[in-house]
Number of protein chains: 2
Amino acid sequence: MMADPVTPRFLRACAMQPTEVTPVWFMRQAGRYMPEYRAIRSRHTLLEICRQPELAAEVTMQPVNALGVDAAILFADILLPLIPMGIGLHFAAGEGPIIENPVRIEADVEALRDAVSPMESLAYVMETVRLVRRELADRIPLIGFAGAPFTLASYIIEGGSSRNYVKTKQMMYQAPSTWHALMGKLARVVADYLACQVASGAQVVQLFDSWAGALNHDDYTTYVLPHSRAVLRDLRLSGVPTIHFATGASAFLPQMKAAGGTVIGVDWRAPLDWAWQQLGADVAIQGNLDPVALLAPRDEIEQRVRRILQQAAGRPGHIFNLGHGILPETPVDNVRAVVDMVHEMSAAIRSQEQTSTFKEAIRL
Amino acid sequence: MMADPVTPRFLRACAMQPTEVTPVWFMRQAGRYMPEYRAIRSRHTLLEICRQPELAAEVTMQPVNALGVDAAILFADILLPLIPMGIGLHFAAGEGPIIENPVRIEADVEALRDAVSPMESLAYVMETVRLVRRELADRIPLIGFAGAPFTLASYIIEGGSSRNYVKTKQMMYQAPSTWHALMGKLARVVADYLACQVASGAQVVQLFDSWAGALNHDDYTTYVLPHSRAVLRDLRLSGVPTIHFATGASAFLPQMKAAGGTVIGVDWRAPLDWAWQQLGADVAIQGNLDPVALLAPRDEIEQRVRRILQQAAGRPGHIFNLGHGILPETPVDNVRAVVDMVHEMSAAIRSQEQTSTFKEAIRL
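Quick summary incoming for the structure in this document. These figures come from a predicted structure and were not determined experimentally.

**Side note on the sheet that holds strand 5 (residues 204-209) of chain A**
With respect to topology, seven strands assemble into an open sheet ordered 1-4-5-6-7-8-9 (chain A), the strand pairing being parallel. Edge positions in the sheet fall to strand 1 (72-73) and strand 9 (318-322) of chain A, since each of these pairs with one other strand and no more.

**Comments concerning helix 9 (residues 149-158) of chain A**
Residues and elements named next belong to chain A. Most of helix 9 is tucked away, with ten of its ten residues classed as buried. Burial in helix 9 covers these residues: Pro149, Phe150, Thr151, Leu152, Ala153, Ser154, Tyr155, Ile156, Ile157 and Glu158. Gly159 sits one or two residues past helix 9 and shows a positive phi near 90 degrees.

**Quick word on the interface of chain A and chain B**
Between chain A and chain B, the residue contacts involve 28 residues of the former and 28 residues of the latter. Sorting the residues of the side of chain A that touches chain B by element identifies helix 10 (166-174) and helix 12 (217-236) of chain A as the ones contributing at least two each. Residue composition of the side of chain A that touches chain B, grouped by class: 14 nonpolar, eight polar and six charged.

**Considerations on the nonpolar core**
Soluble globular proteins tend to bury their nonpolar side chains together. Counting residues in each nonpolar core, the largest one holds 241 residues, and the members touching the most others are Leu74 and Ile143 of chain A together with Leu74 and Ile143 of chain B. With near-sequence residues (within four places) excluded, Leu74 of chain A lies in contact with Thr60, Thr128, Val129, Val132, Leu142, Ile143, Gly144, Phe145 and Ala202 of chain A.

**Here we look at the sheet that holds strand 9 (residues 318-322) of chain B**
All names here are of chain B. Strand order in the open sheet formed by seven strands is 1-4-5-6-7-8-9, with parallel pairing between adjacent strands. A single partner strand is all that each edge strand has here, and the edge strands are strand 1 (72-73) and strand 9. Of the pairings in the sheet, the one linking strand 1 to strand 4 (residues 142-147) comprises two bridges and is parallel in character. From the neighbouring strand, Ile73 faces strand 4, where its bridge partner is Ile143. Contacting strand 1 and strand 4, helix 8 (residues 123-136) crosses the sheet at an angle of about 155 degrees to strand 4.

**Some details on the relation of the copies chain A and chain B**
With an axial shift of 0.0 Å and an RMSD of 0.0 Å, the rotation relating chain A to chain B amounts to 180 degrees. Both copies are brought into coincidence by an operation consistent with a two-fold rotation axis. Nearest to the rotation axis, the C-alpha of Ser250 of chain A is located 3.1 Å from it, this being the minimum over chain A. When the interface residues of chain A are mapped onto chain B, 100% of them again fall at the interface, so both copies present the same face.

Scoring rules and cut-offs
Residues numbered from 1 in each chain as written. Chains lettered and ligands numbered in written order. Predicted model: local features only at pLDDT ≥ 70, side-chain atom pairs only at ≥ 80, totals over all residues. Pairing = 2+ DSSP bridges. Helix = DSSP H or I, 4+ residues; strand = E, 2+ residues; numbered from the N terminus. Buried ≥ 20, exposed ≤ 12 C-beta atoms within 10 Å, placed from the backbone. Contact = placed C-beta atoms within 7 Å. Nonpolar A, V, L, I, M, F, W, Y, C, P; charged D, E, K, R; others polar. Core = buried A, V, L, I, M, F, W, Y, C linked by C-beta atoms within 7 Å. Axes fitted to C-alpha atoms, helices over the stretch in contact; angles between N-to-C directions. Least-squares fit on C-alpha atoms with pLDDT ≥ 70 in both.

Function cannot be read off these values alone, since they describe shape.
This is the structure in structure tokens:
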């Protein structure tokens with residue numbers, strides 16, 4: 001099959017169409033591992049960067065210019081849509097996000113707004129999307145994103161990051177109607193927020209359910225899947241590809257797929273081919289290098305990249321990425337090297353495949 | 001098949017022999033959720049309790065007397081065998097263990113002792129085992145335990161608890177010979193330590209690889225499996241059943257089984273029947289209620305316990321447990337109730353099975 005030369009390879013891979021090389025980008029590709037980012041971050045808080053579209057656009061473009069990736073991803077914090085819902089939040093140094101008014105009981109859920117008009121209330125995000133699209137001038141696509149309802153719920157119920165998600169699961173188990181009311185509100189806000197990103201120019205969106213792996217298969221199915229499905233179903237109307245990502249979900253990949261997503265993003269724990277087998281052949285896959293592998297010696301990195309590409313070989317629909325975000329300790333040179341490795345090795349693998357297909361053909 | 005009435009049901013389940021009811025115990029069944037434990041802990045540090053056999057034995061017996069479980073588990077800290085190896089450690093309030101001399105380079109590994117004579121250097125543990133066995137008077141078996149080499153390595157390399165295991169994986173990737181030397185030493189110490197527990201009276205041992213789920217399938221196979229296998233192979237000589245436990249390992253359960261274990265302990269993420277299918281029918285399984293489910297209303301707990309028992313129904317070799325340790329917030333009454341539920345429901349499931357077998361037989 002010939003690769004379509006006009007549609008960007010990243011979008012073709014989302015649609016499970018052939019590409020001349022495997023597209024690659026990185027979760028948290030704009031971040032503290034880059035000196036250019038740290039320079040801006042030393043003068044501005046995280047929320048300041050998000051709220052000043054010129055700064056957010058500049059940060060979004062930093063890895064595009066430095067790395068040669070196949071997609072840009074909007075720079076924003078996953079908690080931003082909570083602000084117009086009525087959640088107060090700030091970031092404590094070294095502690096992650098602090099939720100000032102955690103949501104614990106039915107009255108807390110009722111008090112949350114879910115008609116938040118993201119075009120106005122999160123206008124700064126939409127302006128960032130527009131600025132980045134202009135800057136990119138169609139060189140590569142722009143990915144918008146949001147946190148999935150479960151991951152957002154866990155932050156606002158726990159009051160911040162969590163280890164065991166005790167309060168979150170307690171709401172599920174003790175007050176399921178409160179839980180579903182909360183998840184319903186979050187799903188509506190997330191769907192609106194992502195639709196506005198698409199309307200502003202995002203060409204793909206990723207739904208991050210980063211902490212879904214705290215759950216078991218049955219709880220995911222009962223308490224999370226319907227709400228993520230509502231978000232992803234709404235987005236189908238926008239016509240853009242969606243990437244549905246979670247970590248620790250090896251035991252319920254088919255359920256993640258059932259919730260929706262043009263592409264399923266998987267973490268590093270499972271071999272890519274095993275994960276793809278669990279998902280079935282009719283969906284694209286994104287992943288799945290361990291972020292810590294970017295701190296390994298170059299030949300170790302090469303082996304690991306090659307192994308993932310080989311596991312994905314033989315059919316279209318693989319987007320190379322990490323299994324989670326880039327760590328602050330990561331050497332920039334290694335990230336850049338992985339982009340080149342993915343492009344070169346995947347081209348070589350495809351040409352071997354073509355040779356062997358040709359050989360088979362003439363043998364016939 | 002008739003159940004053997006003499007061997008304790010816990011040991012019969014380990015051997016995949018029929019039992020009249022499913023045996024049950026809980027990881028961290030002696031702990032902060034119990035008022036009796038908190039009373040002792042308010043007067044003594046964790047290490048003091050471990051080092052005073054009368055106290056450690058008392059704490060070990062608390063859940064045996066309060067809950068009606070089918071096994072006792074030695075009260076000890078998984079880091080104890082590191083002390084005779086030359087590791088300094090203390091526990092900071094609310095922060096978990098702090099390793100005073102983290103192991104980072106080859107010289108650090110060389111400096112570690114691996115001929116630690118646990119009978120002498122950890123005599124207080126062995127004395128606890130003897131005291132508990134005397135106290136139990138063969139009512140139920142005593143489980144000894146140790147941390148697996150990987151989990152211990154992660155503590156001493158990181159210097160304490162960790163989120164991303166960056167330093168641990170860096171040693172694997174950058175200095176594999178240092179890594180394997182360290183794991184070899186840890187495996188020898190752990191094997192000796194467990195053999196001494198068995199010689200002192202432990203009737204089963206559990207190897208806790210609590211953090212193995214930070215790894216991917218291939219790294220587990222290359223860097224961890226051989227060392228856990230060395231420990232579990234050595235223990236086969238002792239003739240006691242071994243339980244091999246990890247969390248987050250859904251993507252490499254067959255590799256855990258390949259490392260060894262009479263019983264494989266699984267976390268709560270995967271349905272028990274799916275996990276057992278991954279493992280194959282020729283090994284016993286332990287698990288797998290989410291520890292947070294113990295904070296749910298009673299009828300929710302019942303549904304979850306029933307579901308696990310149904311997933312395990314039809315063949316011997318299931319030991320009921322949580323997918324990880326009991327959380328401090330857990331109501332004692334709920335833990336006690338689960339013991340009764342497991343016994344009553346599993347008896348009912350077996351009698352249904354017998355009835356349907358009988359019906360099938362007379363139909364034939």
